[in-house]
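Structural features, examined
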Amino acid sequence: MGVPEAGEVAARVAERLSTTRGTPVSVGSARQLPAGASRATYAATLVDAAGTPEPIVIRAVPTADDDGGLGAEAEVLRAAADAGVPVPKILDAGLGDDSVLGFPYLAMNFIGGESIPRRILRDDTYAAARDRFVEQCGRILARVHRIDATQTPGLEELVDPVDALHTLFPREFDAMPAGLVLATQWLVANPPPASPGSCVVHGDFRLGNLLVDADGVAAVLDWELVHIGDPVEDLGWLCAKAWRFGGSAPVAGMGGRAALLDAYAEVAGWRPTEEALRWWELYATVKWGLICAVQANRHLDGVERSVELAAIGRRSAEQEFDALLDLGIVSPEVVADPLGVDTPGPDEEPHGSPSSLELLDALAGFLRSDSVTAEMSPQVRFHTRVAGNVVDVVRRQVLLGATHAAESAQRLAALGVADQRALCDALRSGELDGTDEKVRAAIAADVRARLLVANPKYFAVPHP
C-alpha cells in the first residue's frame, strides 16, 4: 500500500474530528516528517470555525495488517498520562474498521520541542535542558514504571530477556553475527541482580523518541515497543552507546550513570545497581543489533523498500564492536577511512576507465552536492544523505572486500570452521569456546573488517 500525501491524510482526519466534535474542522497545513523507519508521521495544523489553529501530529502504520500496535500504544498513552508521564493527548484513534485512512493511525495534540539528537546535544538553545536531562529522565522513567498495568491489558510480558529476543526476532536471532553471539552467551552466563518486580516498560526510551525544549524533556514519544518486563531495561536502553549519538557521557551523551540511578530512586523508592544497569546496556546493544537486521529484512523481503532500512542493516557492525568493547575484547581507537588512503583498487580489466571506484566516487559526490539537495524536502534530503553513505560503504567494500574475505577465510580455517555461519553454530554448540583468546581474536578481526567497511569513524567513538 502506498503512503498517502500529507494533505490527504490531514483532510481525512479533519473530517473525522468534525464529526466526533460536532463542529467543522478544516486543514491549514500538512507535511510528512522525515523521522521514523517503520511508521509514517505527519504534522498538520487544523483550523476550527473561529479560525483558531490547532497543531496536531498523526502517526500511522500504512503497511500493517492489524492495528500495527497502535491499539496498545493508545491505551498506554492514556495510562501514562494518569501516572504523570509527559505524553501527547490522543485526539482520535483510527484502528481496524474505524480508520478513515484505510490503515491504523493515532492523531495527537502537538507538543513543541526538538527530537533530533544532534541538535539537542549541540545547540545552545538546549544547554539548560542538557544540564537537567539525566535527572529528568530518571524521574520520568520511575513514573513510567508506576503505570497501572491493569489499564493496559494485553501487553506482552517478557520473562526471560534473552529468550524474549529469540521470540521477538527468531530469524535474526538465529542468523546473528559472531560478535553478538559472544555477547548473548555472556548475558546468559552472567544474569543481572533481580529487580523488585515486573512493570510496564517503554521499550524505546532514548534520544530521538523524546521531545526536548529549552527547559528539558517535554514529552515521551514512540511507545510501539511497550511491554511488561524488568524496569532496568529502560534505563539500560537509554544508556546504550547507539543512543549517545557521539556524545562522550554514558547517559544519552549528557550525563553519568550514578545521577540517573539517584534520580530514579527519588521517585521509584529503590535504586538499581550499576551492575544491573551495565548488563542491560549490553542487552540493549544486542537487541539493537538484531533490530538493525529486522529493518534490513523489511527492505530485502520487499515489505518496505527503503534505502534507509537497507543501510541500517550494516549498522549491526557497530553493535558487534560495542559488544566486544563491553566484553573487554577490543578498545576504542582512531582508524583511517580507507577512502582517504591511496590504496590500489581491484583489477578493472577488461572494463576500462573510469574504474568502479571512480564511478562510485562520482555518484557519492553527486548525491551530496548542494545543487541536488537544495530544493528537496527534508525527508528526501535525509534519504539522499543516507544514499550517499551507502555508496561509501560499497566503495570501501569494493576496495577491501577481496582482501578481507581471504583473511577471514584463513582465520576461520585455523579454528576449523568453513564460514561465518559455521563459526556461530560452533559457538552455540560449544564446539568452540567463546572465552578462548584465539576464538575471540578471530571474531574481533572479522568485526573490525565489517566496521571498517560500514563506518570507520565509529572505532574512535568514546565508550565510557
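Residues numbered from 1 in each chain as written. Predicted model: local features only at pLDDT ≥ 70, side-chain atom pairs only at ≥ 80, totals over all residues. Heavy atoms only, no water.

1. Description of the UniProt feature "domain: DUF6285" (unreviewed entry) in the chain
- Listed under "domain: DUF6285" (unreviewed entry) in the UniProt record, and renumbered for this structure, are residues 375-458.
- Annotated as residues 375-458, this span is 79% helix and 0% strand, and its ends, taken at the C-alpha atoms, are 31 Å apart. (UniProt positions renumbered as here; feature names shortened; annotations may be inferred. Helix = DSSP H or I, 4+ residues; strand = E, 2+ residues; numbered from the N terminus.)

2. A few points about helix 8 (residues 232-239)
- Counting buried residues in helix 8 gives 8 out of 8 residues, a clear majority hidden from the surface.
- Inspection of helix 8 places Val 232, Glu 233, Asp 234, Leu 235, Gly 236, Trp 237, Leu 238 and Cys 239 among the buried residues, and these make up the whole buried set.
- Summarising the contacts, the buried residues of helix 8 are in contact with helix 4 (127-144), strand 6 (199-201), strand 9 (227-229), helix 9 (257-268) and helix 10 (274-300). (Buried < 20%, exposed > 50% of the residue type's maximum accessible area, 1.4 Å probe, protein only. Contact = heavy atoms within 4.5 Å.)

3. Remarks on the sheet that holds strand 3 (residues 53-60)
- Ordered in space as 1-2-3-5-4, the 5 strands form an open sheet in which the pairing is antiparallel. Each edge of the sheet is formed by a strand with only one pairing partner; in this case those strands are strand 1 (25-32) and strand 4 (90-94). Taking the axes of each pair of neighbouring strands and ignoring which way they run, one obtains an average angle of 20° across the sheet.
- Where helix 2 (residues 70-82) meets the sheet, it contacts strand 3, strand 4 and strand 5 (105-109), and its direction lies at approximately 25° from that of strand 5. (Pairing = 2+ DSSP bridges. Axes fitted to C-alpha atoms, helices over the stretch in contact; angles between N-to-C directions.)

4. What to know about the nonpolar core
- Formed by 107 residues in total, the largest nonpolar core has its most connected members in Phe 133, Trp 223, Leu 238, Leu 423 and Leu 427.
- For this core, the element with the highest residue contribution is helix 10, accounting for 12 residues.
- What Trp 223 contacts, discounting residues up to four positions off in sequence, is Glu 73, Val 76, Leu 77, Ala 80, Val 85, Val 87, Val 144, Ile 147 and His 202.
- Counting residues in each nonpolar core, the second largest holds 18 residues, with Ala 10, Val 13, Val 25 and Tyr 105 among its members. (Core = buried A, V, L, I, M, F, W, Y, C linked by side-chain atoms within 4.5 Å.)

5. Section: the packing of aromatic side chains
- The final tally for this structure, using the stated rule, is 8 aromatic pairs.
- Aromatic pair Trp 243 and Trp 288: ring centres 4.9 Å apart, planes at 55°, arrangement tilted. With a gap of 45 residues between them, Trp 243 in the loop between helix 8 and helix 9 and Trp 288 in helix 10 connect regions that are remote in the sequence. Just as Trp 243 is buried, Trp 288 falls in that class too.
- Taking 4.9 Å as the distance between ring centres and 75° as the angle between the ring planes, the aromatic pair formed by Trp 279 and Trp 280 counts as edge-to-face.
- Three or more aromatic residues joined by ring pairs form one cluster here, namely Trp 237, Trp 243, Phe 245 and Trp 288.
- The ring centre of Trp 243 lies 3.9 Å from the NZ or CZ of Arg 206, which sits over that ring. (Phe/Tyr/Trp six-rings, centres within 6.5 Å; stacked < 30°, edge-to-face > 60°. Lys NZ or Arg CZ within 6 Å of the ring centre and 35° of its normal.)

6. Some points on the pairing of strand 8 (residues 216-220)
- Where burial is concerned, most of strand 8 is hidden: 5 out of the 5 residues are buried.
- Sheet topology places strand 7 (residues 210-213) next to strand 8; 4 bridges connect them, and they run antiparallel. The partner of Asp 213 across the bridge, within strand 8, is Gly 216.
- Once strand 7 ends, the chain turns through 2 residues before running back antiparallel as strand 8.

7. Quick word on the environment of Thr 285
- Position of Thr 285 relative to the elements: it lies in helix 10.
- Residue classification places Thr 285 among the buried positions, given a relative accessible area of 4%.
- Considered as a pair, Thr 285 and Ala 242 are 43 residues apart in the sequence and their alpha carbons are 7.4 Å apart.
- The contacts of Thr 285, once residues within four sequence positions are left out, are Gln 319, Asp 322, Ala 323 and Asp 326.

8. Considering the pattern of salt bridges
- Following the criterion strictly, the structure yields 26 salt bridges and no others.
- Here Glu 224 and Arg 59 are joined by a salt bridge, their closest N and O atoms 3.2 Å apart. Taken as a pair, Glu 224 in the loop between strand 8 and strand 9 and Arg 59 in strand 3 lie far apart in primary sequence, 165 residues in all.
- Residue classification places Glu 224 among the partly exposed positions, given a relative accessible area of 28%.
- Close ionic contact of Arg 411 with Asp 446 constitutes a salt bridge, the shortest N to O distance being 2.7 Å. Pair noted here: Arg 411 is in helix 15 (residues 378-415) and Asp 446 is in helix 17 (residues 437-454), with a separation of 35 residues, a long-range link.
- Taking the relative accessible area as the measure of exposure, Arg 411 reaches 22% and is therefore partly exposed.
- Through salt bridges with shared partners, a single network forms among Arg 59, Glu 73, Asp 222 and Glu 224. (Salt bridge = Lys/Arg side-chain N within 4 Å of Asp/Glu carboxyl O.)

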